[in-house]
Amino acid sequence: MAASTAAGKQRIPKVAKVKNKAPAEVQITAEQLLREAKERELELLPPPPQQKITDEEELNDYKLRKRKTFEDNIRKNRTVISNWIKYAQWEESLKEIQRARSIYERALDVDYRNITLWLKYAEMEMKNRQVNHARNIWDRAITTLPRVNQFWYKYTYMEEMLGNVPGARQVFERWMEWQPEEQAWHSYINFELRYKEVERARTIYERFVLVHPDVKNWIKYARFEEKHAYFAHARKVYERAVEFFGDEHMDEHLYVAFAKFEENQKEFERVRVIYKYALDRIPKHEAQELFKNYTIFEKKFGDRRGIEDIIVSKRRFQYEEEVKANPHNYDAWFDYLRLVESDAEAETVREVYERAIANVPPIPEKRHWKRYIYLWINYALYEELEAKDPERTRQVYRATLELIPHKKFTFAKMWLYYAQFEIRQKNLPFARRALGTAIGKCPKNKLFKGYIELELQLREFDRCRKLYEKFLEFGPENCTSWIKFAELETILGDIDRARAIYELAISQPRLDMPEVLWKSYIDFEIEQEETERTRNLYRQLLQRTQHVKVWISFAQFELSSGKEESVAKCRQIYEEANRTMRNCEEKEERLMLLESWRSFEDEFGTASDKERVDKLMPEKVKKRRKVQADDGSDAGWEEYYDYIFPEDAANQPNLKLLAMAKLWKKQQQEKETAEQDPDKDIDESES
C-alpha cells in the first residue's frame with residue numbers, strides 16, 4: 001500500500017518554479033505574432049482539387065450532394081435568407097427554374113417582409129423572360145408591402161421597358177392611391193411627359209398639390225404650366241396658391257416666384273402689386289428675400305420714386321414690428337408717424353395716429369404720460385398745418401383735455417396750445433373759456449403766465465390785473481409774480497398801485513426769492529428818485545438780514561445819490577456795517593466788506609482814511625483742525641486759512657504770541673544760515 005502511494009506520488013509531475021521573473025529583453029506583441037504567421041502563410045489551406053464531371057451519373061451525384069448541403073444549411077439556419085437566395089441562384093444557374101421558384105416560395109413563407117428576397121425572385125423571372133411570372137411576383141409584392149417604393153419603381157420600369165404604357169399607368173395609379181412621397185408623383189408626371197401627355201400630367205399635378213400642399217410643389221406646378229407655354233394656367237395656379245395659403249401661412253418664396261413669372265411676362269404693374277401685397281402681410285423677419293427681389297426689380301424697371309417707395313415700405317415694416325412688440329414704445333410711434341407723414345395719404349396718417357393714441361399709459365403718473373402727450377400734440381398740429389382741418393384739430397384738442405386726469409396732474413402746454421389754436425381761428429371767447437377752465441380745474445404757474453401773456457398781447461389790462469390777483473391768491477410766495485404785477489402797474493403809470501403791490505409782497509410770511517423781490521423794489525424806488533424811501537427800504541431790509549451784500553449795496557447807493565455829503569454817508573454806512581459785523585461768524589464776508597471799503601477809500605478817501613482801513617484788515621493764518629468721517633470716526637487733520645482781525649480784543653494775546661513766534665523762527669533761520677556759511681561771511685567782511 002505504501003509502495004503504491006509512493007508510486008502515485010512519483011507519477012505527479014512537479015510544477016517548475018520560475019526563478020527569474022524579470023521581463024525578457026526582447027518583447028513580442030500579439031500584432032507581431034499575427035504578422036509573422038501571415039508572412040509564413042501558416043493559415044493558408046491548399047485549394048480543393050478541380051472535379052471534372054464526365055457523365056450524367058456523376059452530375060446527378062454532384063447535384064444531390066450540393067442540394068443536401070444547401071438543405072442542411074437551411075435546416076440549421078432557417079431564418080438566414082442569404083442561404084435561401086444562394087440555393088435558388090444555384091438552381092437558376094443549372095436552369096432549374098421550377099426548383100428555384102419552389103425555393104423562393106419556401107423562403108417567402110419564412111420571411112415575406114424581406115425586400116431583397118422579392119427583388120431577387122422577380123429579377124430571376126425577368127432575366128429568364130418569364131414576364132407574366134414577374135408581373136405576378138410584383139403584384140404580390142406591392143400588395144403585401146405597398147409602402148416599399150422600390151417595388152413600385154421596378155414594376156413601372158419593367159412595364160415601360162416592355163412597351164406596356166397603359167399597364168405602367170395602371171401601376172402608377174395604384175401607387176398614387178397610397179399617397180406616396182413627392183418623388184413618386186414626380187416619377188409619374190415625368191412618365192406622362194415622356195409620352196407627351198401634358199393634360200394627364202396637369203391632372204396629376206392637381207392631385208399632387210392637394211396631397212402634398214407645400215409652397216415648392218405649387219411653384220413646380222406653375223413652372224410646369226409656364227414651361228409648356230400655358231401662361232394663363234400658370235397665373236391661375238399662382239393665384240390659387242395665394243388663396244390656398246391665405247394670410248396665416250404666407251410664404252415669401254411663393255410671392256417671389258409669382259412676381260418673377262409676371263416679370264417674365266412684362267407685367268410690371270402686376271409685379272409691383274404682388275410685392276406690395278406680400279410686404280404688407282408678411283412679417284419683416286420672414287421677408288428678407290422679398291425685399292431684396294423687390295429692390296432689384298425696381299432698380300431694373302422702376303424709377304427713382306419706385307425705389308424710394310421700397311425703402312419707405314421697408315422702414316414702415318420695421319416700425320410696424322417694433323410697435324407690435326411694444327405698443328407703449330412712443331419713440332417708435334414718433335419715428336413711424338414721421339415716416340408716414342412724409343409720404344402717405346391723410347387717411348393713412350390719421351389711422352396710424354389713432355392707433356398710436358389708443359395706447360394710453362396704464363399708470364396715471366405724469367412721468368409715464370410725458371412722451372405720450374406729444375402724440376396728441378403732433379396729431380393736432382398735423383390736422384391744423386398739414387390736413388388744414390380746423391374742426392378735426394379742435395376735436396383732437398378736446399379729446400386730449402378730456403383724457404388727461406386733471407385731478408392728479410395736468411399739462412399746461414395742452415391748454416395753452418388749444419387756446420393759441422382758437423386765437424388763430426379768431427375764436428377768442430373759446431380761448432378764454434379754455435384757459436379759464438384750466439385755471440379753475442388745475443391752476444398752475446405756467447397756465448397763469450400763459451393766460452396773462454395772452455391778455456397782455458391783446459392789451460386787456462383789466463383782465464391782466466384780475467388774473468394777477470388770482471395768480472397771487474394761488475401762489476403768494478411767488479416773487480416773480482409780484483414783480484411782474486408791479487412792473488405792469490409801473491408801465492401803466494400807476495406808481496402808487498405798484499408801490500402798494502411791492503409793500504404787500506414784502507409783507508408776505510413766506511417767499512421763494514425774497515432777495516430778488518427786495519432788489520426789484522429798491523430799483524423801483526431808485527428809478528422813481530425816491531431817495532428817502534429807498535434809504536428806508538434798506539433799513540427795513542437790514543433789520544431782516546445782515547448780509548454783507550446788502551451793506552455794500554446800501555453804501556454804493558449813498559455814494560451814487562449825487563449829494564455833497566454822499567461820500568461821508570457812504571463812509572458812515574461802511575463804519576456801521578463793520579461794527580455790526582464784528583460778531584459775525586462768517587469772516588470772509590467781513591473781509592469782503594473791508595475790501596469794498598478800501599477800494600472806496602482808494603478812490604475818495606485821504607491818506608489817513610486809507611491807513612485807518614488798512615489797520616482794520618485781517619491777517620491770514622494757516623491752521624489745522626481735526627476731521628471726522630460720516631460715521632463719527634477720526635479721519636485725521638486738515639489745514640485751513642483763518643483771518644485774525646486787529647479789532648477783535650479777544651484775539652489780541654494770541655496775535656502777540658503769534659508775532660513773537662514768527663520773530664523767533666526768523667532769528668533761528670538767520671543763525672542756521674550763519675553757521676553753514678562762515679567762510680562766506682569772512683570773505684564778505686574782508687572785502
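Residues numbered from 1 in each chain as written. Predicted model: local features only at pLDDT ≥ 70, side-chain atom pairs only at ≥ 80, totals over all residues. Heavy atoms only, no water.

The name that an unreviewed UniProt entry assigns to the protein is Crooked neck-like protein 1, with the source organism given as Chinchilla lanigera. The UniProt entry for the protein carries the following text under Subcellular location (unreviewed entry): "Nucleus speckle". Among the UniProt annotations of the protein, the heading Sequence similarities (unreviewed entry) holds the following wording: "Belongs to the crooked-neck family." (UniProt positions renumbered as here; feature names shortened; annotations may be inferred.)

Nonpolar side chains collect at one region of the surface, where V26, I28 and L33 lie side by side and expose about 330 Å² of accessible area between them. Within the fold, V26 resides in the loop between α1 (2-11) and α2 (30-40). Judged by relative accessible area, which is 66%, V26 ranks as exposed. (Patch = residues over 30% accessible without salt bridge, like charges linked within 9 Å, V, L, I, M, F, W, Y side chains within 5 Å. Areas by Shrake-Rupley, 256 points an atom, 1.4 Å probe, with all protein chains shown as cover. Salt bridge = Lys/Arg side-chain N within 4 Å of Asp/Glu carboxyl O. Helix = DSSP H or I, 4+ residues; strand = E, 2+ residues; numbered from the N terminus. Buried < 20%, exposed > 50% of the residue type's maximum accessible area, 1.4 Å probe, protein only.)

Let us now look at the packing of aromatic side chains. The final tally for this structure, using the stated rule, is 20 aromatic pairs. A centroid spacing of 6.3 Å and a plane angle of 50° characterise the contact between W138 and F151, whose relative ring orientation is tilted. Here W138, found in helix α7 (residues 131-144), pairs with F151, found in helix α8 (residues 149-161); they are 13 residues apart in sequence, far enough to count as distant. The exposure classification of W138 matches that of F151, with both residues buried. Seen in terms of ring centroids, Y205 and F208 are 6.2 Å apart; in terms of plane orientation they differ by 45°. Their pairing is tilted. Of the two residues, Y205 and F208 both sit in helix α11 (residues 198-211), three residues apart, roughly one turn of that helix. The exposure class of Y205 is buried, given its relative accessible area of 7%. The cationic tip of R202 hangs over the ring face of Y230; the distance from NZ or CZ to the ring centre is 4.6 Å. (Phe/Tyr/Trp six-rings, centres within 6.5 Å; stacked < 30°, edge-to-face > 60°. Lys NZ or Arg CZ within 6 Å of the ring centre and 35° of its normal.)

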